[in-house]
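# Tertiary structure, described
So you can see what is in the structure, the chains are spelled out below.
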Amino acid sequence: QMLKTNTNIEEKIIFDEPMKKHTSFKIGGTADQFVKVTNEEELKEAIKYAKDKNLKITIIGNGSNLLVLDKGIRGLVIKIDIQKLEIERKEKYAEITVGSGYKTMALGIKLMNEELSGFEELSGIPGTIGGAIFMNAGAYGKEIKDINISTKCMDYDGEIFELSNKEQEFEYRSSVFNKKDYIILETKLRLEYGKKEEVKKKMDEYLSSRKEKQPIEYPSAGSTFKRQEGVITAKLIDECGLKGFQIGGAKVSEKHAGFVINSDNATAKDVIDLIKYIKEKVNEKYGIKIKEEIRIVGEE
């Protein structure tokens with residue numbers, strides 16, 4: 001007796017889906033199979049489908065920290081689009097439960113309107129909450145781990161469980177989710193009460209600083225390289241004279257040397273070659289090995 005479920009996932013599957021449609025870099029080959037899931041039930045179905053067909057699974061959010069290689073992705077890409085939001089107001093603070101597909105910027109605005117504070121620094125980060133948890137996203141001295149209580153996830157057997165803040169092993173731009181096949185479903189955040197005008201003022205400041213310093217007018221995957229102890233990576237790249245340096249359609253932003261941008265129909269190969277070149281130059285000049293922050297998936 002097969003387990004009966006309510007969704008028929010096979011009807012939702014798209015074949016040969018161009019991944020450039022699903023990454024902020026606007027780069028990448030096609031996924032053999034692609035499906036968007038909006039709840040736990042559909043996700044469970046999609047995992048089961050992949051297992052039955054012996055397909056490799058790749059999980060993505062909004063693709064804003066992702067470089068998909070030119071030959072695309074074999075197997076099944078599952079895009080998580082779980083949009084839940086619940087707010088529980090306690091005496092001294094509020095707990096919010098937010099679906100992993102909820103966009104970070106949209107959440108920022110929602111929390112501002114609900115007069116909740118503590119998310120302002122993160123509100124301008126592109127992508128989804130699931131992605132933010134996955135890489136422990138941070139900005140302006142705050143990381144998501146600072147406000148995270150716990151995260152609910154599913155493993156590749158369809159089992160659902162909750163991880164405490166500690167169990168998520170948050171580090172700089174990394175978490176347990178980088179190491180294990182756990183799919184983030186929703187997360188609980190703890191926020192303070194704040195006046196709407198004050199929250200808005202902080203958000204606006206961070207946003208205008210972002211606009212001023214970052215090349216948000218070009219497709220990119222955000223900051224390309226990780227910071228290192230006592231080193232401002234972008235400064236090193238700039239001092240190597242690499243601002244504006246280009247390979248194919250991939251270019252080091254003139255506005256911020258830490259960003260590789262897609263300035264003109266770049267291929268993933270252009271980006272990879274440029275990253276390699278930047279690493280070599282910085283290592284030659286300073287003897288420092290810098291590491292990329294972006295997630296790279298697929299076949300070259």
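Scroll up to find the structure this text is about.
Residues numbered from 1 in each chain as written. Predicted model: local features only at pLDDT ≥ 70, side-chain atom pairs only at ≥ 80, totals over all residues. Heavy atoms only, no water.

Moving on to the pairing of strand S13 (residues 182-193). Taken together, the six bridges between strand S7 (residues 94-99) and S13 define a ladder with antiparallel strand orientation. Each bridged residue has a counterpart across the sheet, and for Ala-94 the counterpart in S13 is Leu-191. Both strand S8 (residues 116-117) and S13 contribute to a ladder of two bridges, which runs antiparallel. When the sheet's bridge partners are listed, Ser-117 is paired in S13 with Glu-192. (Pairing = 2+ DSSP bridges. Helix = DSSP H or I, 4+ residues; strand = E, 2+ residues; numbered from the N terminus.)

Moving on, we get to the sheet that holds strand S1 (residues 14-18). Read from one edge to the other, the open sheet built from four strands follows the order S1-S2-S5-S3, with strand pairing classed as mixed. Single-partner strands in this sheet number two, and they are S1 and strand S3 (57-60). Across this sheet, the average inter-strand angle for adjacent strands is 45°, counted without regard to direction. Pairing of S3 with strand S5 (residues 73-80), which is carried by four bridges, proceeds in the parallel orientation. Pairing of Ile-59 across the sheet is with Ile-78, part of S5. Contacts from helix H1 (residues 40-52) reach S1, strand S2 (30-37), S3 and S5, with the element oriented near 170° to S5. (Axes fitted to C-alpha atoms, helices over the stretch in contact; angles between N-to-C directions. Contact = heavy atoms within 4.5 Å.)

Turning our eyes to something else, we now look at H1. If you check H1, its first and last C-alpha atoms are 18 Å apart, about what 13 residues at 1.5 Å a residue would give, namely 18 Å. Packed against the buried residues of H1 are S1, S2, S3, S5, strand S11 (148-155) and S13. One side-chain oxygen at the N-terminal end of H1 lies 3.2 Å from the backbone nitrogen of Glu-41; it belongs to Asn-39. The positive-phi residue at the C-terminal boundary of H1 is Asn-54, with phi of around 60°. (Expected span 1.5 Å × (residues − 1). Polar contact = N/O pair within 3.5 Å; in protein donor to acceptor, adjacent residues only side chain to side chain.)

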